[in-house]
Amino acid sequence: MRPWSKRELLAYLDRIMPALEGLDHFELLDVPPDADDKTIQGAFHNMAGGLHPDRHRNVLSPSQHERLIVVYARIAEAYRVLRSPEHREKYLIDEAKRRKKTTTTVRAPQEIASALALLSPKAQQLYRRAIAAKRTGDTASAVLNLRMALAKHPQSGFLKEALKKLR
Amino acid sequence: MGLSIGIDLGTTNSVAGVATPEGVRLAADSKGNRVHASVVSLPAGGGRILGNSAKVRKATDPSQTIYSAKRLIGQNVRAPLVQLAMASLPYPVEEGNNQQPIIVVGGRRMTVPEVSAMVLTHLRQLCEEQFEEEVTGAVITVPANFSDSQRQGTKEAGRIAGLEVMRLVNEPTAAALAYGYGRSMDQRVAVFDFGGGTFDFSVLKIDSDIFEVLGTDGEFFLGGDDIDQMIAEFLASQMNRTLHIDPRPIPTAMNRLSIAAEQIKQYLTSNEEAGGTIDGIVVNNSGKSVSVEFELSRDKFDSMIEGYVERTIDVCRNVLASTGLEVKDIDDVIMVGGSTRIPLVRQRLSEYFAKEPATRINPDEVVAHGAAIQAAMLAGAVHEGERGELTDELADNPMPIDMGIPEEGETSQGGAALLLDVTPATLRIATAGGYSEPFLEKNSPIPIERTNLFTTAHANQSRVVIECYRGGARRQDENELLGSLELNDIPPGDRGEAEIEVTFRVDPDCILHVRARDLRTENEVEAKLNVIGAPVSDNFRTTLDLPEGLSEKQAAKLRQKHEKEQQKLEKKAEKERAKAEKQRVKMAKRAETGES
Ligand SMILES: Nc1ncnc2c1ncn2[C@@H]1O[C@H](COP(=O)(O)OP(=O)(O)O)[C@@H](O)[C@H]1O
Ligand SMILES: [Mg+2]
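Keep in mind the model is a prediction, meaning the values are calculated, not measured.

A. Spatial organisation of the packing of helix α1 (residues 6-16) of chain A against helix α4 (residues 62-82) of chain A. All names here are of chain A. Look at α1 against α4: their axes get within 11 Å of each other, and the N-to-C directions meet at 65°. The angle between α1 and α4 falls in the class roughly perpendicular. The handedness of the crossing between α1 and α4 is left-handed. Note on element contacts: α4 touches α1 through Q64, R67, L68, V71 and I75, opposite L9, L10, Y12, L13, D14 and I16. Class assignment of the residues belonging to the contact of α1 with α4 gives a composition of eight nonpolar, one polar and two charged.

B. Quick look at the packing of aromatic side chains. Under the definition given, this model contains 14 aromatic pairs over all chains. Geometrically, the ring pair formed by F192 of chain B and F194 of chain B is edge-to-face, given 6.3 Å between the ring centres and 85° between the ring planes. Look at F194 of chain B and you get buried, because its relative accessible area is 1%. In textbook terms, an aromatic cluster arises when at least three aromatic residues are bridged by ring pairs, as seen for F44, Y72 and Y79 of chain A. Sitting over the face of the ring of Y79 of chain A, R83 of chain A holds its NZ or CZ atom 4.9 Å from the ring centroid.

C. Spotlight on the sheet that holds strand β9 (residues 101-105) of chain B. Residues and elements named next belong to chain B. Here three strands make up an open sheet; going across it, the order is β8-β9-β10 and the pairing antiparallel. What marks the edges here is a single partner per strand, and that holds for β8 (93-95) and β10 (108-111). Neighbour to neighbour, the strand axes of the sheet diverge by 40° on average, direction disregarded. By the bridge criterion, four bridges tie β9 to β10 in an arrangement that is antiparallel. Bridging from a neighbouring strand, I102 pairs with T111 of β10. In this fold helix α4 (residues 112-131) packs onto β9 and β10, with an angle of close to 85° to the strand it touches most, β10.

D. The arrangement of the environment of Q229 of chain B in detail. Residue and element names in this part refer to chain B. Structurally, Q229 can be placed in helix α7 (residues 224-243). Sequence separation of Q229 and L257 is 28 residues, and the distance between their C-alpha atoms is 8.7 Å. Residues in contact with Q229, not counting those within four places in the same chain, are S88, M254 and S258.

E. The pattern of salt bridges, seen in detail. Taken as a whole and assessed by the stated rule, the structure comprises 44 salt bridges over all chains. A salt bridge links D54 of chain A to R167 of chain B, with the nearest nitrogen and oxygen atoms 2.8 Å apart. Taken as a pair, D54 of chain A in the loop between α3 (37-51) and α4 and R167 of chain B in strand β12 (residues 164-170) lie in two separate chains rather than in one. What makes D54 of chain A buried here is its relative accessible area of 9%. By relative accessible area, R167 of chain B is classed as buried at 9%. Here the salt bridges share partners, and the residues they tie into one network are E21 and R74 of chain A together with E449, E501, R515, R517, E522 and E524 of chain B.

F. Structural context of the sheet that holds strand β22 (residues 427-430) of chain B. Residue and element names in this part refer to chain B. The four strands lie next to each other as β23-β22-β25-β26, forming an open sheet whose pairing is antiparallel. Strand pairing shows two members of the sheet lacking a second neighbour, β23 (436-440) and β26 (480-487), which therefore form its edges. Between one strand axis and the next, the sheet turns by 30° as a mean value, whatever way the strands run.

The rules we used
- Residues numbered from 1 in each chain as written.
- Chains lettered and ligands numbered in written order.
- Predicted model: local features only at pLDDT ≥ 70, side-chain atom pairs only at ≥ 80, totals over all residues.
- Heavy atoms only, no water.
- Axes fitted to C-alpha atoms, helices over the stretch in contact; angles between N-to-C directions.
- Helix = DSSP H or I, 4+ residues; strand = E, 2+ residues; numbered from the N terminus.
- Parallel < 35°, antiparallel > 145°, perpendicular 65-115°, else oblique.
- Left-handed = near helix turned anticlockwise from the far one by under 90°.
- Contact = heavy atoms within 4.5 Å.
- Nonpolar A, V, L, I, M, F, W, Y, C, P; charged D, E, K, R; others polar.
- Phe/Tyr/Trp six-rings, centres within 6.5 Å; stacked < 30°, edge-to-face > 60°.
- Buried < 20%, exposed > 50% of the residue type's maximum accessible area, 1.4 Å probe, protein only.
- Lys NZ or Arg CZ within 6 Å of the ring centre and 35° of its normal.
- Pairing = 2+ DSSP bridges.
- Salt bridge = Lys/Arg side-chain N within 4 Å of Asp/Glu carboxyl O.

Now the structure itself:
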């Protein structure tokens, strides 16, 4: 697995840092909610291979590197929880409770913003187009735009969920 | 920028090297040895003797020759196992500041990190001479089950030796890295590391360039030293029986027997039968010495150490169980450490895993190899297409060091390998009633950060103390206390009304940092835990050994630089001391008010 380029890495940090608090473990690891063990381990290896702080020690400034460690440490926590059936179950229950507390069934705007922030700028744009199309009643192009976004992030649970709702 | 080296700082032996474009090179002493005794001798007449030349002085100058210091680093002198280990050391150890062990030799009081720093300085100088470049950074290996204070002590030693400690890497992980580096393998490997003082066992998944530790465990006081001790006891009872002299209370005599014991043990590795006379056993102050005859067969020896060996196999069993793996899932077994040469150890190991361990590995050097590779990777100093020339056994099976090709102008490191390590023990947080709950279970990936909400146990509680433990037991007192953190000025309210957010962060060196925040007031406290027994030096001053053949100007410059560093260190030590003192006062107060 090739480490990410400095440009990719900084873009990712800029997107994810403000959203960090609102992201759930699936989004952090970039896996669908029904991901199995193998998928989870694969996703973690992929992310670690790309953005592990050890791989970028010398190209980032100390403060950028610090930020990267913070993000990586959160991804590691997501991996710790999701790879263990026991932790995962407990996490899902806690998470459901938390969601209920904030809003019913619909995602809180802050959560949407966080999940969106994870996507590449292009995919974000596609998502916004889909939402706009949906508002005007043009479901077909909404689906099309979401599909195109999904093609960029095939693992994104957030996009899959949005697509399901649309149908 | 200077060299970045890898150092295996062992209980008994240390090895240091650098990954160069020609491969990993290990530093040798003047006699050509690449393995260096972790021994420091400070003769009464002054000066300092290090490494293999110091080793022989264990017999001739025992009270001024320090060995196995690693067993004491970052330890609380009052811990029972430490007391036990100290009983067999011929040099005096006293209790110092913060209950840390202080080694007293020739009227000089030294902290353990200061002693280890001398070993590190020796290795550093060997590297500098051999590779003709200044050494600035180092990756130092530690046993996987080293605790926070032991890790901090090791880092401290590195700093005193003037090294930037780039990373502490777990010894078995380093061994696996050397084993699988650049081989694009897809394997599960077990690393069985049985050295002089400690035993470690890790299981890793090597997925081409990713080395992920799946599980690890070990025992800190289980190694060749303990086996020597057992044989020494056997010799002592022999002496008692035949000569009616009990050498056990006589340190000089026991020291002599321990040295003989190690030789006997090693002899029995390649022979079925050992026997002879041990002479020069000094039994009283006037220097009277006696000799004792002994006989020890391999069978008898095996039955003596059987319990120890079974303990190592038990650890293997537990680690496999905790990772959900079976023996047949392990593709290869890597043996590390001098004690894996013992035939019974090899036999039990191959029986348990139902396969022969890998033989292309040099058990003495493989850890330093891994450390050197990791140092080069962290420094970004190794470039594409480099190859590793390895030790004898590896020479006909060369390990390519292929660092991959960095994207142009972007990532300066090819960094073809990545170590994903884990916590060796469960980190816990104290709850009410003398209990604790796990916060990060053992084998959690590092670096990691977990946050969770806690609340107060009583109404109108204005203060919480967050106590952190390390271990697998629910009861607090059956775990090791790592330290505590105090959050004050909690606004009054009902029981359970306060919302305290506690964050455990484990850094890449596997050291825990704890943060607590009162969500209602936004008050926040953060600390690297202050551990009892952790090294807070009362005396950081080190003497400067100037290399020969310097001009007066050069020497003066070096002296000046040294003095500046010393002053900086002292200032820092002063601060840490004050902090530790404050912490202790707080903890004592808490006991008075009896809050939980
Ligand atoms: N041939 C041998 N047979 C048995 N034990 C040995 C042999 N060679 C070395 N040892 C033991 O190995 C231990 C040192 O192993 P080493 O891996 O260097 O330790 P450490 O890494 O803890 O410094 C010592 O206790 C030594 O007596
Ligand atoms: Mg070792």
